[in-house]
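# Descriptive analysis of the structure
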Amino acid sequence: MTLRIKRREFLFGIAGGMSSVYVMNSLPFSQLAVPQARADLLDKSRHALVVVFLRGGFDGLSLICPTEGQDRRDYESARPHLGLPLTGPMAALRLDDRFAINSAAQPLQTLFNDKRLAFIQACGLPVPSRSHFAAQTLMELGVSRTGEDKRGWLTRFIEQVPCKAAAVGALRPTSLQGAAGIMAFARLKGLGLEGSSAQQVHLRSALRRLYGEAGQTASFGQTALNMLDDLEDIGLRTRGKDKSDLPSGEIAQKFAITAQLLQRDEQLQLVTLDIGGWDTHRQQGNIGDGYFAKQLGLLSRALADFYQQMLTTTNAWVTTVVMSEFGRRLKENGNRGTDHGHGNLMMVLGPRIRGGVLHGRWPGLANENLFERSDLAVTTDSRLVLHRCLQTIAPQLTLNAVFPRAEASSASELNLLL
Amino acid sequence: MLQGLAFMLQANISQQAYSWLSRATYGVSHRLIESFNALSGSERERWESFVRLQLGAASFVDPETEARIQKLSLVTMGLGLPELWSQHFLASRKMTKTPENAVAQAMTAKQEKKSRRERRELALEPVFDCESAAWIRVIHSPFQIYERMVEFWHDHFNVFAYEGRVAPAFAILNRDVIRVHALGNFRQLLGLVCRSPAMLFYLDNAFNQAGNPNENFARELFELHTLGAENYLGTIERDKVRRDAQNRPEGYVDGDVYEAARAFTGWRVEDGTYGLSANSGQFLYSDQWHDRFQKVILGEKLPEHLPHMKDGENVLDLLCSHSGTARHIVRKLCRRFVSDEPPESLVSKIAALFLSRKDSPTQIRDTLQDILVSSEYLSEKAEKFKRPVDYVASLIRALDGSFEPSERFVAGVNRCGHRFFGWRTPDGPPDVAQPWQSPQSVIERWRLSQQIIAGQLSGCEIDFLATARQASTPLQLVDHFAGRMLGPRVSPSLREQLIVRAAGGRRQDSALPESLLRERSQQVVELISMSPEFQQR
C-alpha cells in the first residue's frame, strides 16, 4: 500500500480540521481481512465500498418473487398484471426452492449462482415513512427519527475510520452530509478549468490563499481545488471534449466513472452512486420491453461488468451494496404501476460476501403479515446490512459507532460476510 | 481599513444596501444601482420604496425585455394549448409513424439518430422556448424580484418539463398560471396548478380513477405543495393524531393521502386515451372516473355525491387554511430570500400574516414585502450561496454583458446540476448551499465563468474596455471591477491578489498601456468571479 503524502495533505494537516478524508485508512495492511477464497487471484491492498442508491423506491417485488404455495397465490392475486411469470419466454429465473428472479436480471442470477451476490429480504427503516424525501433522508442519515443527527451515515464512518470518499453525480448525497472535502464526479474527462498550466498554477494558488483565509464556510472551495489536483494526480484530467471511452446510458456511465476512480485513485475507499428513475407509479413494465425491465437490465449488466472489472483491474476488494428508500406496495395500482410501500430487498455484491443466499427473514405476503395490511413488512433494519458492508473496510467497527440508535438484536442472524 | 475600501467610480451605495439588492435579485447591475439611488430618503427608506415599486408594478411586462425575446423568434411563445399540443406533441408522435418511416429499417444509424433528434426537438420546443425566455428575463428584466418569485413557484410546484406530453402543457403552466399569479393568492395559484395538464401528467393524476387510485399526486400535494414533510406524521392511525388550538389535526398521515387521492379521481386530461376521442391536451373533469363516496380528510368529513370537482376543491381549501401550510410556504420564502435556516421567529410572525390574508388577492405580494423589509432580511447575518443560475446571471449583470442564451451556455449551466424546468424529482432543486457546493458543481461554474469572460460562448459578450472606461491603472481596474461585482467592501487579501494580477509586474498606480487593458481586466474579473465572496448573493 503506497503511503504517498501529497503536498496538500501536508498543508491541510497544518490548517487542521480538513484532514480526515485525505488520511489513509489507519488500519495497517496486515489487518486488512483478505478473503481466503480469492486471495490467490490478485495482490490486493485495500478494501472499498460502493453504495448504490436507487432513488424513487425500487420495486424489489419485481426483482425477486415467491414461487411456491400461499406466498405465490398472494403475490399473483395482488399483482395480476405486474406479477413476474413463472412460465413462458419471460419466466423468472430460479434462485432457490422458494424464490425466482426477474429474467431481465439474468446477470444477477449468474452472480448469485457464483456465490458473489447476496440478497437480503425485507429490509427497511425501523420507522416507516412512505414519503420519498423523508425516507431517503432517514435512510441516508441512518437515524431512527429526524433531528437525531445531521451527519450522514458515511460521514460518521469517515469520522471513525478516516478514509477517502467520493460521490458520483453532480451534487453530493445526504449520506455524506457534513463531511468536509468530499469529491464529486459527474464526468471525468473534460472536467477542469480553462487556461494554460502556467495560468492555472497562478490562478489556483491565488484561490488557495483566498479560500484558506475565508475559513470553514468556504471549505467547499478548498475541496474543489483539491479535486482539481486530484484529477491531475490520478491522470484523469484531460483537456478537450468530453468524448471519452465511457459507455452510453446513464447507469453504465456512472459505474464506469466509479470503476475509473477506483482503478486510478489508490486511496479511494468509499464511493456513492445515485441512480434515479424507480418511482414507477404507472406503466411499470416488468418484463420484455417494459420500462422497469429495461432499467433493471441495464442495472444488472452494469453491476456484473463492474464486479468483473473490479476483480481484475484494481488493487481493491470492492463490495457493492444496492439500496433504495422503500419498497413498493404489494398490490398494483390502477395504472399498472405501484405506489409507495415499506419493506424492500437489498443487494450486496463482492468477493467478501457470502453470496448465493437469500438472507434475512421473509415475512410472507398474507394480509395479516403485511405492514398495515398493504406492504411487505420489515424484518431487517437496513442499517445492520450497511454496518456489515462497512466491516469489509473496518472489521472491528461496532454497529453503534456509526448507527448510534440501531439495535443489534437480529444482527447475529445476518451472516453476510465470509 | 481605508485601503480595503474600494473607491466606487460609478456607483454610490453602501455594502449593506448592495447586499439587500443582491439577495432579492439576479445580481446587482449598474442600472439597478442607478434606479435605487434615484429614489429619495435614507438607504433604508430607498430600500422600502424599491421593494414597493418592484412588487407593486401595474404590469411585469417590460417592453425592452420582450423585444429581446422577440428577437429570438421563439415560435411557440404566443400559442394556446390546443395548438401547442397538436403542433408539437401530436406532430412529433406522427413523425414516428409516417409512411416514409416504413422504410426505417433502411435508415442508417446516423439518419436514425438525426430523426430521433428532430422528433425530440419538435416535441420539446415549447419548453426550450420557455427556457430561453426565462434566461432573457432573469438577466435583462427590470422586474427582478418578480422574476425571482416566478422561479420560486416553478421550484415549489416542480414539473420536469423536458418530456413529450408535458412540454406543451408546461408552456401554459409557465405563461398563464405561474407568471400571472406569482404575486397573487396562494389558494388560487394552487388550484390552477392542480388542474394544469403539466402537473396532472407529471404526477400521474391524469390517470387517477375511482377504484384504481394513483396516489402519486395526492402525496406530493400534501408533502411538497402545502403542509410539507415536516407535518407528515407517518403511518400512525388517524384518530391518534393530536389536535391544534382550532381542533384541527396537527399534521397528516397516510390515511389522509389515500383519501385525498380518491378526492382527485377524475381530474384528468383530454388526451385521447381510455376511449376518449377528444385529444386537445386540455384539462377535463371526468365524472365517470370520480369516486363519489364519503371521505374523511384532515378530520373533516366530505359527504358523498358532492358536485363536480368539489371534493378536490374542498381538499385544497382545507390545506390552505391549515397553519402548517402557511408555515411551510413562508419558511420556503424566507429560505429563498433570507438564509438557509431562517429564524423561526421570522417564520412564525410572517406565517400568521400569510394565513390571515388567505383570501386576499395580493396575499403573496404582501407576504413577500413583509419579509423583504423585516429586520431579519436587512441583517448582516442574512446570506445565501448562489445557485448556478444565480451565479452566471449575476456575473453577466454585474458586467453589463450582452446576452442571448446559446446551447453551449445552457449546457454549461446544466453541467453544474441546474437547469430551468429541468429538475427531475418533484421536490424541486434545493435551496440550501450544501448540495450546490459539491466540488464538481463548483468547478463547472468556475469554468463556465472563465468561458464567458474569455468570450468563448456565442451570444454572451462582455465589453471590458467600455466597462472599464474610466480605469487605467491596475489599482483603478481592481477597485472598479471589485466594486461592480462585490460592492464597496472587498477583503484586503482579495484586493491584494487582484492588484498583483492587474499589475503583472508593473507599477500599480501608473496607467497600463491600452494593449494590456483588456487582458488585465479579464484576469481581474476571473479571480473575482471565483472568489469566496462572489459565490454568495
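Heads up: these notes are all about the structure in this document. (Residues numbered from 1 in each chain as written. Chains lettered and ligands numbered in written order. Predicted model: local features only at pLDDT ≥ 70, side-chain atom pairs only at ≥ 80, totals over all residues. Heavy atoms only, no water.)

## Remarks on the environment of Pro249(B)
Residue and element names in this part refer to chain B. The following threshold applies: Numbering of helices and strands runs from the N terminus; a helix is a DSSP stretch of H or I covering at least four residues, while a strand is a stretch of E covering at least two. Any residue under 20% of the maximum accessible area for its type is buried, any over 50% is exposed, and the rest in between are partly exposed; the area is computed with a 1.4 Å probe on protein chains only. The contact criterion used throughout is that any non-hydrogen atoms of two residues lie within 4.5 Å.
Within the element layout of this structure, proline 249 appears in the loop between helix H11 (216-225) and helix H12 (254-263). With relative accessibility at 8%, the residue proline 249 sits in the buried group. Sequence separation between proline 249 and arginine 238 is eleven residues, and the spatial gap between their C-alpha atoms is 8.7 Å. Once you skip the residues sitting within four places of it in the chain, proline 249 turns out to touch Val241, Arg242, Arg243, Leu298, Gly299 and His322.

## Observations regarding helix H1 (residues 15-24) of chain B
In terms of residue burial, H1(B) counts as a mostly covered element, since eight of its ten residues are buried. Every buried residue of H1(B) is accounted for by Gln15(B), Ala17(B), Tyr18(B), Trp20(B), Leu21(B), Ser22(B), Arg23(B) and Ala24(B).

## Re the side chain of Ser394(B)
All names here are of chain B. Short version of the rule: Any N or O atom pair separated by 3.5 Å or less is treated as a polar contact, with the protein-specific requirement of one donor-capable and one acceptor-capable atom, and with residues adjacent in sequence counted only for side-chain atom pairs.
Mapped onto the elements, serine 394 comes out in helix H18 (residues 388-398). Reaching out from serine 394, the side chain makes a polar contact with the side chain of lysine 386 at a distance of 3.0 Å. Apart from residues no more than four positions distant in its own chain, serine 394 is found in contact with Tyr26, Gly27, Lys386 and Phe534.

## A closer look at the interface of chain A and chain B
Cut-off, in case you're wondering: Summed over both partners, the accessible surface that disappears when two parts come together, traced with a 1.4 Å probe, is what is meant by buried area. Salt bridges are defined as contacts in which a side-chain nitrogen from Lys or Arg sits within 4 Å of a carboxyl oxygen from Asp or Glu. All amino acids are sorted into three groups, where Ala, Val, Leu, Ile, Met, Phe, Trp, Tyr, Cys and Pro are nonpolar, Asp, Glu, Lys and Arg are charged, and the leftover types, Gly among them, are polar.
If you look at the interface, chain A gives 53 residues, while chain B gives 52 residues. For the pair chain A and chain B, the summed buried area comes to about 4400 Å², and 56% of that belongs to carbon and sulfur atoms. If you sort the residues of chain A by the area they bury against chain B, Phe133(A), Glu194(A) and Phe220(A) come out on top, with a joint share of 16%. At the junction of chain A and chain B, the tally comes to four salt bridges. Two residues, Arg209(A) and Glu496(B), come together in a salt bridge whose shortest N-O distance is 3.5 Å. On inspection of chain A and its partner chain B, the count reaches 18 residue pairs in polar contact (both at pLDDT 80 or more). With nine residues, the single largest contributor to the side of chain A that touches chain B is helix H6 (residues 197-214) of chain A. Here the side of chain A that touches chain B is built from residues that sort into 25 nonpolar, 17 polar and eleven charged.

## Thoughts on unusual backbone geometry
The residue Glu372(A) is not glycine, and still its phi comes out positive at about 50°. Among the secondary structure elements, Glu372(A) is positioned in the loop between strand S11 (358-359) and strand S12 (380-381). A relative accessible area of 26% means that Glu372(A) is categorised as partly exposed. Although it is not a glycine, Leu298(B) adopts a positive phi angle of roughly 50°. Inspection of the secondary structure puts Leu298(B) in the loop between strand S3 (295-297) and strand S4 (300-302).

## Side note on the sheet that holds strand S4 (residues 99-101) of chain A
Residues and elements named next belong to chain A. Our working rule: By definition, two strands form a pair when at least two bridges between them are found by DSSP.
Strand order in the open sheet formed by three strands is S2-S4-S3, with antiparallel pairing between adjacent strands. Unpaired on one side and paired on the other, strand S2 (64-66) and strand S3 (93-94) mark the two borders of the sheet. Here S2 runs beside S4; their pairing, made up of three bridges, is antiparallel. Directly across from proline 66, in S4, lies its bridge partner phenylalanine 99.

## Observations concerning the nonpolar core
Stated precisely, the cut-off is as follows: Within this scheme, the nonpolar core is defined by two criteria: the residues are buried Ala, Val, Leu, Ile, Met, Phe, Trp, Tyr or Cys, and they are joined through side-chain atoms within 4.5 Å.
Ranked by size, the top nonpolar core spans 239 residues in total, and within it Leu63(A), Phe119(A), Trp47(B) and Trp153(B) carry the most contacts. It is helix H9 (residues 291-313) of chain A that contributes the most residues to this core, ten residues altogether. When near neighbours in sequence (up to four residues on either side) are disregarded, Leu63(A) contacts Phe58(A), Leu84(A), Ala100(A), Ile101(A), Asn102(A), Ala105(A), Leu108(A), Phe119(A), Leu296(A), Leu345(A) and Met347(A). Counting 46 residues, the second largest nonpolar core, distinct from the first, contains Met139(A), Trp153(A), Phe326(A) and Ile353(A).

## Digging into the pairing of strand S1 (residues 46-54) of chain A
All names here are of chain A. Burial within S1 is extensive, with nine of its nine residues counted as buried. The alternating pattern of S1 places Arg46, Ala48, Val50, Val52 and Leu54 and His47, Leu49, Val51 and Phe53 on opposite faces, both of which are buried. Note: S1 against strand S9 (residues 316-324), nine bridges, orientation parallel. Counterpart to phenylalanine 53 in the pairing with S9 is methionine 323. Pairing geometry for S1 and strand S8 (residues 268-275), over six bridges, is parallel. What sits directly across from valine 52, in S8, is leucine 273.

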